[in-house]
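Structural overview for review
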Amino acid sequence: MQWLNNFSKSLYSLETLDMRFAKSTTASQNSASDASRTSAPKLDKRPPLSGTKPSKWWTIEYCIYYLVFIIVVPTMVKQVYDISKPGSPGWDSFSKRLSRGWIPGRQIDNSDAQYANFRDNLPYLITLLILHPLFRKLYGTFWRIDNYKLPDGSNTSLSHDPSSLAVADARLQRRTFFDFGFGIIFLIALHGVSAAKVFLIFYANFKIATQLPRSYVPVATWVFNVGILFANEFCRGYPLSVIARILLPDIKAAQDVGARIDSYSGLIPRWEVLFKISILRLISFNLDYYWAQAEGNSNLTEVSIEFMQASTIIAN
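Remember, it's a predicted structure, so these values are computed and weren't measured experimentally. (Residues numbered from 1 in each chain as written. Predicted model: local features only at pLDDT ≥ 70, side-chain atom pairs only at ≥ 80, totals over all residues. Heavy atoms only, no water.)

1. Focus: the overall build of the chain
Note the threshold: Helix numbers and strand numbers start at the N terminus; a helix is a DSSP run of H or I with at least 4 residues, a strand a run of E with at least 2. Whether a residue is buried, partly exposed or exposed follows from its accessible area with a 1.4 Å probe, protein chains only, as a fraction of its type maximum: under 20%, in between, or over 50%, in that order. Pairs of residues are marked as contacts when any of their non-hydrogen atoms sit within 4.5 Å. All accessible-area figures derive from a Shrake-Rupley calculation using a 1.4 Å probe, and residue coverage is judged against the displayed protein chains alone.
Across its full length, the chain carries 15 helices and 4 strands. When the 316 residues of the chain are sorted by exposure, 28% land in the buried category. Long-range contacts, defined here as pairs at least 24 residues apart, represent 61% of the contacts in the chain between residues at least 6 apart. Total accessible area on the chain stands at roughly 21,900 Å², and carbon and sulfur atoms take up 66% of it.

What follows is the structure in structure tokens.
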């Protein structure tokens, strides 16, 4: 079983989950500066700065917090447990809404569509949690980072440029390619044909960040994304059958084709409901890029890492 333990550790290592923890793309190519950083004293070995206050972990104030937590949190759990068992006050009024739960002998309220969507698909989410880093590990095994592209688009070999910066850039390119491909497949599986609508919104938001004059980006980003938020709600996800009925009211065949295409809606047909979280990510991406430009660092790939990771889980 030792091999399984070692494999599990490597599967969920920091480098596998996020290569930025393994190699920084801002690492210096100067070996002397690298050595000086390596030989620098660790943070926990340095004397405290002047004016630094001592830790409060074991002060009377924090001990009171611990005591409150130990008493209140278990009491909250017990109260919920007591009122949700047969014979409790009001049981007859809500018991008909309950369904079989995952705890033996207990029932759960699964009437809310979003919570039900999470609970009903929990086995698939756990499977995805296992398969995603596994696929990334396999991808890294078969597609080595022997070569990478320079900023001018040309290829070079790590044997000719073995610096930590080159290794980090090569790993970044490999990781970006995998996340981009996996994100596309995942969105199509989630939303079917409607994934094209998601991609279109992503593309428009990306163009706002990269093509507009920099001074216009914050306002344009907020106006666009808030507008999309309301448009998604009012238009109910832009069904193609409705669009065909508006644009081609006299052509019944076009409406039928639109309805048939709409039927390929993936695991989560109502993508517009869960897209609200992605609105925040879209705003975050544009503002991150806006601030990165102010600091003289407008590496789109690096700014995009967190955004691409989030775009693959917009159903959260």
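2. What about the confidence of the model for the chain?
Fine structural detail should not be taken from predicted coordinates in areas where pLDDT scores are low. Applicable threshold: On a range of 0 to 100, pLDDT expresses the predictor's confidence in each residue.
Per-residue confidence for the chain gives a mean pLDDT of 78; residues scoring 70 or more make up 71%. No element of the chain has a lower mean pLDDT than helix α3 (residues 31-39), at 44, and none a higher one than helix α10 (residues 217-235), at 95. The model gives residues 23-43 a pLDDT under 50, and that stretch makes 20 contacts with residues more than four places away or in other chains. This stretch, residues 308-316, has a pLDDT under 50; its non-local contacts, to residues over four places away or in other chains, come to 24 contacts.

3. Let's talk about the pattern of salt bridges
Stated precisely, the cut-off is as follows: Should a side-chain nitrogen of Lys or Arg be within 4 Å of a carboxyl oxygen of Asp or Glu, the pair is scored as a salt bridge.
Tallying each qualifying case throughout the model produces 5 salt bridges. A salt bridge links Asp 82 to Lys 78; the nearest nitrogen and oxygen atoms lie 2.8 Å apart. Remark: Lys 78 and Asp 82 occur in helix α4 (residues 60-83); sequence separation between them is 4 residues, near one turn of the helix. Judged by its relative accessible area of 21%, Asp 82 falls in the partly exposed class. The network of salt bridges with common partners includes Lys 78, Asp 82 and Lys 85.

4. Thoughts on the nonpolar core
Rules: For our purposes a nonpolar core is just a set of buried Ala, Val, Leu, Ile, Met, Phe, Trp, Tyr and Cys residues, chained together by side-chain atoms within 4.5 Å.
Formed by Leu 187, Ala 195, Val 198, Ile 201, Phe 202, Ile 228, Trp 271, Phe 275, Ile 279, Leu 282, Ile 283 and Leu 287, the largest nonpolar core amounts to 12 residues. When near neighbours in sequence (up to four residues on either side) are disregarded, Trp 271 contacts His 191, Ser 194, Lys 197, Val 198, Ile 201, Asn 232, Gly 237 and Tyr 238.

5. Here we look at the UniProt feature "transmembrane region" (unreviewed entry) in the chain
The condition is simple: UniProt positions are given in the numbering used here, feature names are shortened, and annotations may be inferred rather than shown by experiment.
Taking the UniProt record as the reference, the feature "transmembrane region" (unreviewed entry) is found at residues 57-77 and 180-204. Overall, residues 57-77 shows 86% helix and 0% strand. The separation of its end C-alpha atoms is 26 Å.

6. Regarding the packing of aromatic side chains
Where we set the bar: Geometry of aromatic contacts follows a simple scheme: Phe, Tyr and Trp rings, the Trp one being its six-membered ring, pair when their centres are within 6.5 Å, and the pair is stacked under 30 degrees between planes, edge-to-face over 60, tilted otherwise.
Within this structure, the stated rule accounts for 14 aromatic pairs. Ring plane angle 20 degrees and centroid distance 5.9 Å describe the contact between Phe 178 and Phe 182, whose orientation is recorded as stacked. In this pair, Phe 178 and Phe 182 both sit in helix α8 (residues 164-191), 4 residues apart, roughly one turn of the helix. The residues Phe 178 and Phe 182 share a single accessibility class, namely buried. An angle of 35 degrees between the planes, with centres 6.1 Å apart, marks the rings of Phe 230 and Phe 234 as tilted. You can see Phe 230 and its partner Phe 234 sitting in helix α10, 4 residues apart, about one turn around the helix.

7. What about helix α14 (residues 276-294)?
To be explicit about the condition: In this analysis, the expected span of each helix is defined as 1.5 Å times one less than the number of residues it contains.
Taking 1.5 Å of rise per residue, 19 residues should cover 27 Å, and α14 covers 28 Å from first to last C-alpha, within 8% of that figure. For α14, the set of buried residues is Ser 278, Ile 279, Leu 282, Ile 283, Phe 285, Asn 286, Leu 287, Tyr 289, Tyr 290 and Ala 292.

8. Regarding the side chain of Thr 221
Rule in force here: What qualifies as a polar contact is a pair of N or O atoms within 3.5 Å, subject to a donor-acceptor requirement within protein and to the restriction that residues adjacent in sequence count only when both atoms come from side chains.
Mapped onto the fold, Thr 221 is located in helix α10. Its relative accessible area of 0% is what places Thr 221 among the buried residues. Side-chain polar atoms of Thr 221 contact the side chain of Asn 286, separated by 2.9 Å.

9. Some points on unusual backbone geometry
The phi torsion at Arg 236 lies on the positive side, around 55 degrees, for a residue other than glycine. Its place among the elements puts Arg 236 in the loop between α10 and α11 (240-247). Judged by its relative accessible area of 65%, Arg 236 is exposed. With a phi angle near 55 degrees, Tyr 238 is a residue other than glycine that sits in the positive phi range. Looking at the element boundaries, Tyr 238 is found in the loop between α10 and α11.

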